[in-house]
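Each chain, written out:
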Amino acid sequence: MASHRGTRTAVLEAPRRFGIVSRQMPVAGPNEVVVRIAATAVCHTDLSIYTGQHPGVRYPVVMGHECTGVVDAVWPEVAGLRPGQPVIVNPIISCGRCDSCLRGAGNLCRRAGLFGREVEGSLSQYVSLAARYVHRLPAQLPLADATLIETLATVRHAQQRLGIAPGDSVAVLGQGTTGLLHTRLAVLAGANPVIAVSRTRWKLDMAVRMGAHHAVAASIEKAVGEVVRLTGGLGAGVVIDTAGGATTPMAAIEMLRPGGRFAPYAVS
């Protein structure tokens with residue numbers, strides 16, 4: 001039975017032009033969950049969609065993909081979720097049928113869409129989506145803070161691929177949100193030294209508070225010699241690029257030791 005409640009949605013009608021519209025309240029269909037959105041973070045993907053610089057986006061679009069909320073309704077046969085639970089949304093909407101999905105790599109789905117880009121996203125009071133994209137959160141975790149988990153998961157995945165181990169020397173290029181997360185996780189993994197590189201002093205101060213052993217205030221190109229010096233002339237065992245500049249990869253390779261690992265984490 002359809003709900004008589006309504007919901008408000010922010011629709012990006014064209015680049016830089018939002019409209020607030022009223023819609024019918026979504027209902028939980030087969031294997032679906034309705035989530036009352038509590039918080040949505042904004043990343044560079046969102047900014048590029050908003051300004052019209054993201055290739056292939058079709059307007060109008062409902063943005064928002066780094067989001068948390070509270071379960072409002074659940075299809076009766078869905079297990080593990082119930083109304084009132086705090087949750088986070090996995091924004092990679094996979095097809096479930098291609099070769100990548102069938103081998104359990106939905107993040108590499110050949111027909112994937114992004115919640116908030118190809119699929120209507122979280123800038124709405126309520127959303128409905130398949131239960132497999134909804135994950136429970138600890139009750140004590142603030143929902144606004146938990147929007148960072150999606151970004152943190154990509155950082156964690158990159159570091160698992162790198163295989164950072166205790167005693168590794170790690171240079172993190174750029175100390176924006178993902179750079180700071182990389183710095184902190186490298187420290188927690190036991191890397192030493194962890195070298196934070198940025199031209200911005202306050203970002204380096206944050207990196208030091210997160211445990212960075214050295215802070216290099218320079219452009220990435222000019223930081224090569226200092227990173228080599230701080231690693232005893234050997235070069236860093238791991239270099240992670242979160243800045244994404246056109247010339248950054250070459251500088252990153254120059255500061256690596258022979259056989260070191262380089263992660264071009266940023267999207268140029």
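Before any of the text, the structure's been laid out above.
This write-up is about the structure you can find in this document.

Calculation rules
- Residues numbered from 1 in each chain as written.
- Predicted model: local features only at pLDDT ≥ 70, side-chain atom pairs only at ≥ 80, totals over all residues.
- Heavy atoms only, no water.
- Pairing = 2+ DSSP bridges.
- Helix = DSSP H or I, 4+ residues; strand = E, 2+ residues; numbered from the N terminus.
- Axes fitted to C-alpha atoms, helices over the stretch in contact; angles between N-to-C directions.
- Contact = heavy atoms within 4.5 Å.
- Parallel < 35°, antiparallel > 145°, perpendicular 65-115°, else oblique.
- Left-handed = near helix turned anticlockwise from the far one by under 90°.
- Nonpolar A, V, L, I, M, F, W, Y, C, P; charged D, E, K, R; others polar.
- Salt bridge = Lys/Arg side-chain N within 4 Å of Asp/Glu carboxyl O.
- Buried < 20%, exposed > 50% of the residue type's maximum accessible area, 1.4 Å probe, protein only.

## A closer look at the sheet that holds strand β4 (residues 66-74)
Item 1. Taking strand neighbours across the sheet as the criterion, the 5 strands line up as β8-β3-β4-β5-β9 in an open arrangement whose pairing is antiparallel. Edge positions in the open sheet fall to β8 (126-130) and β9 (134-136), since each of these has one partner strand only. Neighbour to neighbour, the strand axes of the sheet diverge by 45° on average, direction disregarded.
Item 2. One ladder, built from 8 bridges, connects strand β3 (residues 32-41) with β4; its direction is antiparallel. When the sheet's bridge partners are listed, Val34 is paired in β4 with Ala73.

## Quick word on the sheet that holds strand β14 (residues 256-263)
Item 1. Within the open sheet, the 5 strands sit side by side as β12-β11-β10-β13-β14. Their pairing is parallel. Single-partner strands in this sheet number two, and they are β12 (214-217) and β14. Each strand of the sheet is rotated relative to its neighbour by a mean of 20°, with strand direction disregarded.
Item 2. By the bridge criterion, 4 bridges tie strand β10 (residues 170-173) to strand β11 (residues 194-198) in an arrangement that is parallel. Within β11, the residue paired with Val170 across the bridge is Val194.
Item 3. Together, β11 and β12 form the strand contacts of helix α6 (residues 201-209), whose direction differs from that of β12 by roughly 170°.

## A look at the packing of helix α4 (residues 149-162) against helix α5 (residues 177-188)
Item 1. For the pair α4 and α5, interaxial distance at closest approach is 10 Å and the crossing angle is 50°. Of the possible angle classes, the one that applies to α4 and α5 is oblique. α4 and α5 meet at a crossing whose hand is right-handed. Here α4 contributes Thr151, Leu152, Val155, Arg156, Ala158 and Gln159 to the contact with α5, which in turn contributes Thr178, Leu181, His182, Leu185 and Ala186.
Item 2. In the contact of α4 with α5, the residues fall into 6 nonpolar, 4 polar and 1 charged.

## Topic: the pattern of salt bridges
Item 1. For the coordinates displayed, the defined rule picks out 8 salt bridges.
Item 2. For Glu120, the salt bridge identified is with Arg23, shortest N-O distance 2.6 Å. On the criterion of sequence distance, the pair formed by Glu120 in the loop between β7 (113-114) and β8 and Arg23 in strand β2 (residues 17-24) is long-range, its members being 97 residues apart.
Item 3. Two residues, Arg110 and Asp99, come together in a salt bridge whose shortest N-O distance is 2.6 Å. Placement of the pair is Arg110 in the loop between α2 (99-102) and β7 and Asp99 in helix α2, with a sequence separation of 11 residues.
Item 4. Overall, Arg110 belongs to the exposed group, its relative accessible area being 63%.
Item 5. The partly exposed category is assigned to Asp99, whose relative accessible area is 37%.
Item 6. Several salt bridges share partner residues, and in doing so they unite Asp99, Arg103 and Arg110 into one network.

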